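Here is how the chains run, residue by residue.
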Amino acid sequence: MCTSLIPDAYRTTAAGEAPDDAGGRTRDFPPAPEPLPVPVMDNHTHLDFPEGKAPVGIRAALDAAAAVGVQGAVQVGCDLESSRFTVQAVEQDERLLGAVALHPNDAPRYAARGELEEALDEIEKLASHPRIRAIGETGLDFYRTRGEGLAHQKYSFRRHIDIAKRLDLTLQIHDRDAHSEVVQVLREEGAPERVVFHCFSGDEELAEICNREGWWMSFAGTLTFKNAANLRAALAIADPGLVLVETDAPFLTPHPHRGRPNASYMVPYTVRAMAELTGSDLGALCTRISENTVRAYGSWS
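This write-up is about the structure you can find in this document. Sequence order as written defines the numbering, with residues in each chain counted from 1. Side-chain atom pairs in this predicted model are given and counted only at pLDDT of 80 or more, local residue features only at pLDDT of at least 70, and totals for whole chains, interfaces and linings cover all residues. As a rule here, side-chain values come from all non-hydrogen atoms in the structure, and water together with hydrogens is ignored.

**Observations regarding the pattern of salt bridges**
Definition used for salt bridges: Asp or Glu carboxyl oxygen within 4 Å of a side-chain nitrogen of Lys or Arg. Taken as a whole and judged by the stated rule, the model has 17 salt bridges. Among the ionic pairs, E115 bridges to R113, the shortest N-O distance being 3.0 Å. On the accessibility criterion, E115 (30% relative accessible area) is partly exposed. Among the ionic contacts, a cluster of salt bridges with common partners joins R59, D63, D93 and R95. Categorising residues by exposure relies on relative accessible area from a 1.4 Å probe, with only protein chains included: less than 20% of the type maximum marks a residue as buried, more than 50% marks it as exposed, and the intermediate range marks it as partly exposed.

**Remarks on the sheet that holds strand β4 (residues 132-141)**
If you walk across this open sheet you meet the eight strands as β1-β2-β3-β4-β5-β6-β7-β8, and the pairing is parallel. The two strands at the open ends of the sheet, each matched to only one other strand, are β1 (40-45) and β8 (243-245). Here the average twist between neighbouring strands, direction ignored, is 30°. Where strand β7 (residues 216-219) and β8 come together, three bridges link them in parallel fashion. Residue pairing in the sheet places S218 in a bridge with L244 of β8. Where helix α5 (residues 149-167) meets the sheet, its contacts fall on β4 and β5 (170-176), and the angle it forms with β4 comes to roughly 155°. Paired strands, in this sense, are two strands between which DSSP finds at least two bridges. Under the scheme used here, helices are H or I runs from DSSP no shorter than 4 residues and strands are E runs no shorter than 2 residues, and both carry numbers assigned from the N terminus. Each axis is a line fitted through C-alpha atoms, taken for helices only over the stretch in contact, and angles between the N-to-C directions span 0 to 180 degrees. The contact definition used throughout considers only heavy atoms, calling two residues in contact when any of these lie within 4.5 Å.

**Here's the deal with the pairing of strand β2 (residues 70-76)**
Extensive coverage of β2 is indicated by the burial of six of its seven residues. Relative to β2, β1 runs parallel, the two being bridged by four bridges. For D42, the partnering residue across the bridge sits in β2 and is A73. As paired elements, β2 and strand β3 (residues 96-100) share four bridges and run parallel to each other. Bridge assignment links V76 to a residue of β3, and that residue is A99.

Note that all results are geometric; they support no functional claim without further evidence.
Given below as structure tokens:
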């Protein structure tokens, strides 16, 4: 039976209530899904990006996730501020691991201010924390960054790859409209031992490459979107040992709640869609995803 209720931490209080977006996007969180039979982890979330009408604390957010079978998460940094937050967050709750990096769309901004090298140095220092297990999200984004900014983006990506290899950390990749270029850079630089394509956005061709290279494919709520036939085709041929799940919260809320804020407690919607699409037993799929996630990032304990 579906719990149907919005977790208490995500309920809107009258005080501080904000209006919905003018375009019709609601800032109310969706109801909680039915709990998963076997716990999994959300391997990509942004707890410092609140999008609902009321802020939610780290512990409350993780409690809501745990109530539906999401026992841990990877908090991901996108710039210096959010990477610093990530280090603080992993020290507050043992259910969190962290990833730190400069997002590919932020790297050109640091470069324009003459601060890219200094920022990369700080990312490496932050990454030395024992509960920071990944360098990410880094990669290439040809959708939002164009022109001369792409050179800074590629340079930053190469530097992040180097940091991940020297510190023996997982590389968590942001890849938007840049599949072949991301693969090219990974091959030129030599990929780290562990690579995760966050919010996998490719097709069967990229999935086949990931299968051959042993790179993990992390599926988000986008898998459930009507226009995501490429993702469903990719999942169908993905090596089950290389499949992860994430929210990218507060973004990419899965169907049937697309357009509302996302959170780690929403992972079961995506996992159930994955089980249905692949014809998998739900419990067995959850076990496999959990095992894969620990292989990618190490133990939470």
